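Descriptive structure summary
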Amino acid sequence: MSYFDALLLGIALAMDCFTVSITCGIIERRLGLQVLVMSLAFGIFQSGMTLIGWGAGDLISPVVLAYNQWVACGLLVLLGVKMIWEGFCHKEEDAHFNPSKGITILMMALATSIDALAVGFSFIGTTQRDCTSLYVAVGIIGLTSLLAAWVGKYIGVVIGRRFCLPMEPLGGIILVIIGIKPLLV
C-alpha cells in the first residue's frame, strides 16, 4: 500500500471522527484539554482497532464483520438519544450531556473505530503482511483521525458559539443518523 493509498484510507476512516467532533464542539462551545483528549482517543482507537483487526483477522473476522455495523449503530444511537433526552428534559446546566467526560469519549472513540477493525481484517489478504508497511499505514490512519477530530472540534466550537441555539438535541440527532446510516446502505 502506498502512502497516498494509506492517506486516502485514513481520510475515509476519519470522517466519522470529524463529524462526531463537530457535534461535540457545537454542544460544548468551548476549547480546552478535552480537544487533545478526544483527538488522541480517536487517533489511538483508529490505529489500535486496525492493528487488532489485522492481528486477529483470521480468528474473529467472520463474527465481527457480521455485527460491526450493529455495535457501532448501538453505541452512537445510545449516545444520540441520551443527548436528545438531556437536551429537552433537563434544564439544569450541570445535567446536560457532557461530551468531554472520559467514558463518553471512550464510547465515541470505540463507535467510530469499528470500521477500522474491518479495515484491519482486509489487510490480511493484501501485501500488508509486511510489518513495516502495516505500521506506516496504521500510523497514517491514526494521525489522520487525530487531526480530523482536532479540526472538527474547532469547527464545532465556532458553529456553537455563532448560533446560540439548543444544539444538544441537534447533536444527538446527528449521532443517531451517523449510527443508523450504515444499516440503511
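Residues numbered from 1 in each chain as written. Predicted model: local features only at pLDDT ≥ 70, side-chain atom pairs only at ≥ 80, totals over all residues. Heavy atoms only, no water.

As recorded in an unreviewed UniProt entry, the protein chain goes by Putative manganese efflux pump MntP and comes from Alloprevotella tannerae ATCC 51259. The UniProt entry for the protein chain carries the following text under Sequence similarities (unreviewed entry): "Belongs to the MntP (TC 9.B.29) family." In the Function (unreviewed entry) part of its UniProt record, the protein chain is described as follows: "Probably functions as a manganese efflux pump." (UniProt positions renumbered as here; feature names shortened; annotations may be inferred.)

**Some words on the overall build of the protein chain**
For the protein chain, the count of helices and strands is five helices and zero strands. Starting at the N terminus and walking to the C terminus, you meet the elements of the protein chain as α-α-α-α-α. Burial status across the protein chain gives 45% buried among its 185 residues. Long-range contacts, defined here as pairs at least 24 residues apart, represent 89% of the contacts in the protein chain between residues at least 6 apart. (Helix = DSSP H or I, 4+ residues; strand = E, 2+ residues; numbered from the N terminus. Buried < 20%, exposed > 50% of the residue type's maximum accessible area, 1.4 Å probe, protein only. Contact = heavy atoms within 4.5 Å.)

**Some details on the packing of aromatic side chains**
Tallying each qualifying case throughout the model produces one aromatic pair. Ring geometry for W150 versus Y154: centroids 6.1 Å apart, planes at 35°, classification tilted. Taken together, the residues W150 and Y154, both in helix α4 (residues 131-162) and four residues apart, mark about one turn of the helix. Judged by relative accessible area, which is 31%, W150 ranks as partly exposed. The partly exposed category is assigned to Y154, whose relative accessible area is 33%. (Phe/Tyr/Trp six-rings, centres within 6.5 Å; stacked < 30°, edge-to-face > 60°.)

**Overview of the environment of M108**
Relative to the helices and strands, M108 resides in helix α3 (residues 102-122). M108 sits in the buried class, given a relative accessible area of 0%.

**Focus on unusual backbone geometry**
A positive phi is found at R29, a non-glycine position, where the angle reads about 60°. Relative to the elements of secondary structure, R29 occurs in the loop between α1 (3-28) and α2 (33-89).

**Points about the pattern of salt bridges**
If you walk through the whole model with that rule in mind, you get two salt bridges. Its salt-bridge partner being E28, residue R30 comes within 3.9 Å of it at the nearest N-O pair. In this structure, K153 and E28 form a salt bridge, with 2.0 Å as the shortest nitrogen-oxygen distance. Separated by 125 residues along the polypeptide, K153 in helix α4 and E28 in helix α1 bring together distant segments of the chain. Here K153 and E28 have matching classes, each one buried. (Salt bridge = Lys/Arg side-chain N within 4 Å of Asp/Glu carboxyl O.)

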